[in-house]
Amino acid sequence: MAEFKRLISLDAFRGFTIAAMIMVNYPGSWSHVYKPLLHVDWHGITPTDLIFPFFIFIVGVSIALAYSKRLQAGVPKNPMYRKIVFRALKIFIVGILLWLFPKFDLENIRFAGVLQRIAIVFLVSALLFLNSKWKTQAIVAVVLLVGYWLAMVLIPTPGYGQPMLEPGANLAAWIDSKLLPGYMWQKTWDPEGIFSTLPAIATGITGMLAGHLILSKMSQEKKVIYLFSFGFFAFAIGYWWDFIFPINKNIWTSSFVMVTSGLAAMVLAISMFFVDMQGRTRFTKVGIIFGSNAIAVYVLADVWGQLFYNIKFWGSSLNVHFINMFESAGWSLKFGSLLYAVLFICFNFIPAWILYKKKIFIKL
């Protein structure tokens, strides 16, 4: 593979994705949120539904870039295996601890979750990358997506006598109810459950395939063209697939993987063109700062959330005071809710900026 420079566009893409994740997770009031900033209830997709798969796609790209460099440098695989397993374990445990914080109710541990899914996808994708070529990785992704599709639409949901894709009444939900221990987000099933993690691994692999393309010996112009073209092709396949296997984040359908990975590839291609090729880096600094400690910032946001949302000052939490101020003034409550989320992002930018300035990069 060819030598490559660090992609400023990828670093910024990672950071802006984390900032978007914080924004949609921490509005001023869940009762007053613009529709595009909410997850779709079931089938379909909103801009908010893109954030999590975009981050997993970026994880896949980062795996390809980072571990290719180490393999080229002659780093033995065994130490890399240990670091990969240890890092995945750390991310998984932190995800569980965030769920327990601050009450630490050990009787209601949630073993599924955003960080837990990231940990599993990272572990499987990184080990696959170190032990296979891109063609094998592509085949694994296809097998996961097609196999998941066929299983979900052909295998009858136990207790219903027919294949179903309804909330809580589908094969993935049934597997969660039988195999997933602890608390589940939707009581009887979890959107980050066991079976739906398989197509999420395919999302990580699509990012690795994009990484292979970026590492190839072709010119930068061709890389951007091919990356955008493959992204559009994946996006088109996903929307075609939607007719027979609906786009759905909650069960991470195969069509959802193709649509979101395709869009992520196109966004990365456009970013590479403007940022890395044309040098338009003026607006990338914020993203780079957030992205340099992406998961650490995500964890900090959850911790700061206690101060901004749960601790009461003069009888109410800060977000309630903020929304009440907008209501008293007769201003838009949805805009106030969004503004509070943006202010919360700015607050989380402060520790991210301090870590960046001190060149402290926390590798969770």
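This section reports on the structure supplied with the text. (Residues numbered from 1 in each chain as written. Predicted model: local features only at pLDDT ≥ 70, side-chain atom pairs only at ≥ 80, totals over all residues. Heavy atoms only, no water.)

Two elements in contact, helix α1 (residues 8-25) and helix α11 (residues 294-310), have axes whose closest approach is 10 Å; the angle formed by their N-to-C orientations is 15°. Between α1 and α11, the angle is such that the two are roughly parallel. Relative to α11, α1 is oriented so that their crossing is right-handed. Of the residues in α11, those touching α1 at R14, I18, M21, I22 and N25 are A294, V297, Y298 and A301. Within the contact of α1 with α11, the residues separate by chemical class into seven nonpolar, one polar and one charged. (Axes fitted to C-alpha atoms, helices over the stretch in contact; angles between N-to-C directions. Helix = DSSP H or I, 4+ residues; strand = E, 2+ residues; numbered from the N terminus. Parallel < 35°, antiparallel > 145°, perpendicular 65-115°, else oblique. Left-handed = near helix turned anticlockwise from the far one by under 90°. Contact = heavy atoms within 4.5 Å. Nonpolar A, V, L, I, M, F, W, Y, C, P; charged D, E, K, R; others polar.)

Judged by side-chain polarity, V142, V146, L150, L154 and I155 come together as a nonpolar surface patch covering roughly 400 Å² of accessible area. Along the chain, the position of I155 falls in the loop between α5 (134-154) and β1 (165-166). Using a relative accessible area of 39% as the deciding quantity, one classes I155 as partly exposed. (Patch = residues over 30% accessible without salt bridge, like charges linked within 9 Å, V, L, I, M, F, W, Y side chains within 5 Å. Areas by Shrake-Rupley, 256 points an atom, 1.4 Å probe, with all protein chains shown as cover. Salt bridge = Lys/Arg side-chain N within 4 Å of Asp/Glu carboxyl O. Buried < 20%, exposed > 50% of the residue type's maximum accessible area, 1.4 Å probe, protein only.)

Bringing the environment of H212 into the picture now. By secondary structure assignment, the location of H212 is in helix α7 (residues 197-215). The exposure class of H212 is buried, given its relative accessible area of 12%. Taking C-alpha positions, H212 is 33 Å from A301, a pair spaced 89 residues apart along the chain.

Attention now goes to unusual backbone geometry. Here F101 and P102 are connected by a cis peptide whose omega angle stands at 0°. One can find P102 in the loop between α3 (77-100) and α4 (114-130). You will see that F104, though not glycine, has its phi angle at about 55°, which is positive. With respect to the helices and strands, the residue F104 is situated in the loop between α3 and α4. On the accessibility criterion, F104 (41% relative accessible area) is partly exposed.

Structurally, P167 is set in the loop between β1 and β2 (169-170). Distance in space between the C-alpha atoms of P167 and F344 is 32 Å, their sequence separation being 177 residues. Each residue touching P167, except ones within four places of it in the same chain, is listed here: W42 and W189.

Glancing now at the packing of aromatic side chains. One pass over the structure, following the stated rule, counts 27 aromatic pairs. When the centroid spacing of 5.5 Å and the interplanar angle of 85° are considered together, the rings of Y309 and Y340 count as edge-to-face. Placement of the pair is Y309 in helix α11 and Y340 in helix α13 (residues 333-357), with a sequence separation of 31 residues. Grouping residues by exposure puts Y309 and Y340 together as buried. (Phe/Tyr/Trp six-rings, centres within 6.5 Å; stacked < 30°, edge-to-face > 60°.)

Moving on to the nonpolar core. Proteins that are soluble and globular tend to have nonpolar side chains buried together. Counting 97 residues, the largest nonpolar core has Y67, L115, M152 and L268 as the members making the most contacts within it. The element best represented in this core is helix α2 (residues 51-72), accounting for 13 residues. Setting aside its immediate chain neighbours within four residues, L115 contacts I91, V94, G95, L98, I295, Y298 and V299. (Core = buried A, V, L, I, M, F, W, Y, C linked by side-chain atoms within 4.5 Å.)

The subject of this paragraph is the packing of helix α10 (residues 285-292) against α13. Closest axis-to-axis distance for the α10/α13 pair is 8 Å, and the angle between their directions is 75°. As summarised for this structure, α10 and α13 are arranged roughly perpendicular, according to the angle between their axes. Mapping the contact onto sequence places K285, V286, I288, I289, F290 and S292 in α10 and I345, N348, F349, A352, W353 and Y356 in α13. The class makeup of the residues in the contact of α10 with α13 is nine nonpolar, two polar and one charged.

Time to look at the side chain of D49. Within the element layout of this structure, D49 appears in the loop between α1 and α2. Buried charged residue D49 carries no salt bridge. Nearest counter-charge: K249, at 5.5 Å. One polar contact links the side chain of D49 to the main-chain amide nitrogen of V40, over a distance of 3.3 Å. Here D49 is in contact with H39, V40, G44, K249 and F256, once residues within four sequence places are set aside. (Lys, Arg positive; Asp, Glu negative; His and termini not counted. Polar contact = N/O pair within 3.5 Å; in protein donor to acceptor, adjacent residues only side chain to side chain.)

Turning to α13, a few remarks are in order. For α13, which comprises 25 residues, the first-to-last C-alpha distance of 36 Å matches the rise-based estimate of 36 Å (1.5 Å per residue) to within 8%. All buried positions along α13 are accounted for by L333, G336, S337, Y340, A341, F344, I345, N348, P351, A352 and L355. Buried residues along α13 sit in contact with α1, α10, α11 and α12 (318-329). With a side-chain oxygen lying 3.5 Å from the backbone nitrogen of K334, the N-terminal cap of α13 falls on S332. Backbone geometry just downstream of α13 places K359 in the positive-phi region, at approximately 55°. (Expected span 1.5 Å × (residues − 1).)

With that settled, the discussion passes to helix α6 (residues 171-179). For α6, the full list of buried residues reads L171, A172, A173, I175 and D176. Packing partners of the buried residues in α6 comprise α5 and β2.

Summed over all chains, the structure comprises four salt bridges. What emerges from the salt-bridge pattern is a single network uniting R110, D190, E192 and K249.

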